[in-house]
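For reference, the chains in residue letters:
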Amino acid sequence: MKRDEDNLILVKSNAFALRIIRLYQHLCNEKNEYVLSKQVLRSGTSIGANAKEAAQAQSKKDFQAKMAIALKEACETEYWLELLHESLYIDEIPFESIYADNKDIIRILTSIIKTSRQNSK
């Protein structure tokens, strides 16, 4: 059985969730923004939760379904990050960094799902 620290998507999604939590705290404490920040907190931390569930899937279909949900959450997070940036709640440099991390997670999840589906044929 693979340990979490050997699983790239679990490592990256956990680190990303921690960044999202810090972003949420910043938005609430410094910007007094509570609505959009709660949305990005939920979707951004849900990526790793679903990837973690997928790691314990009961079947290949279950694994693929959980990874697909993680991908949807990453895409939703992308939307909230863009909205926060366009509404000037997140400055350019921090936005580019966290947005790039999210794009990387989307790329990895897409690859995992594609490979899993190909191996199921």
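Residues numbered from 1 in each chain as written. Predicted model: local features only at pLDDT ≥ 70, side-chain atom pairs only at ≥ 80, totals over all residues. Heavy atoms only, no water.

(A) A look at the overall build of the protein chain. Summing up its helical and strand segments, the protein chain has four helices and zero strands in all. Its helices and strands taken in sequence order, the protein chain reads α-α-α-α from the N to the C terminus. The C-alpha extent of the protein chain, read off along each of the three principal axes, is 50 × 20 × 20 Å. The buried share of the protein chain, reckoned over its 121 residues, is 39%. (Helix = DSSP H or I, 4+ residues; strand = E, 2+ residues; numbered from the N terminus. Buried < 20%, exposed > 50% of the residue type's maximum accessible area, 1.4 Å probe, protein only.)

(B) Broad picture of helix α1 (residues 8-31). Taking 1.5 Å as the rise per residue, α1 with 24 residues should run 34 Å; its terminal C-alpha atoms sit 33 Å apart, in good agreement. Where α1 is concerned, the buried positions are I9, L10, S13, F16, A17, I20, L23, Y24, L27 and C28. Against the buried residues of α1 lie α2 (35-55), α3 (60-86) and α4 (92-119). Of the residues flanking the end of α1, it is N32, one or two places downstream, whose phi is positive at about 55 degrees. (Expected span 1.5 Å × (residues − 1). Contact = heavy atoms within 4.5 Å.)

(C) Geometry of the packing of aromatic side chains. Under the counting rule described, the total for this entry stands at two aromatic pairs. Measuring from ring centre to ring centre gives 5.0 Å for Y79 and W80, while their planes differ by 70 degrees; the resulting arrangement is edge-to-face. Residue Y79 is classed as partly exposed on the basis of its relative accessible area, which comes to 43%. (Phe/Tyr/Trp six-rings, centres within 6.5 Å; stacked < 30°, edge-to-face > 60°.)

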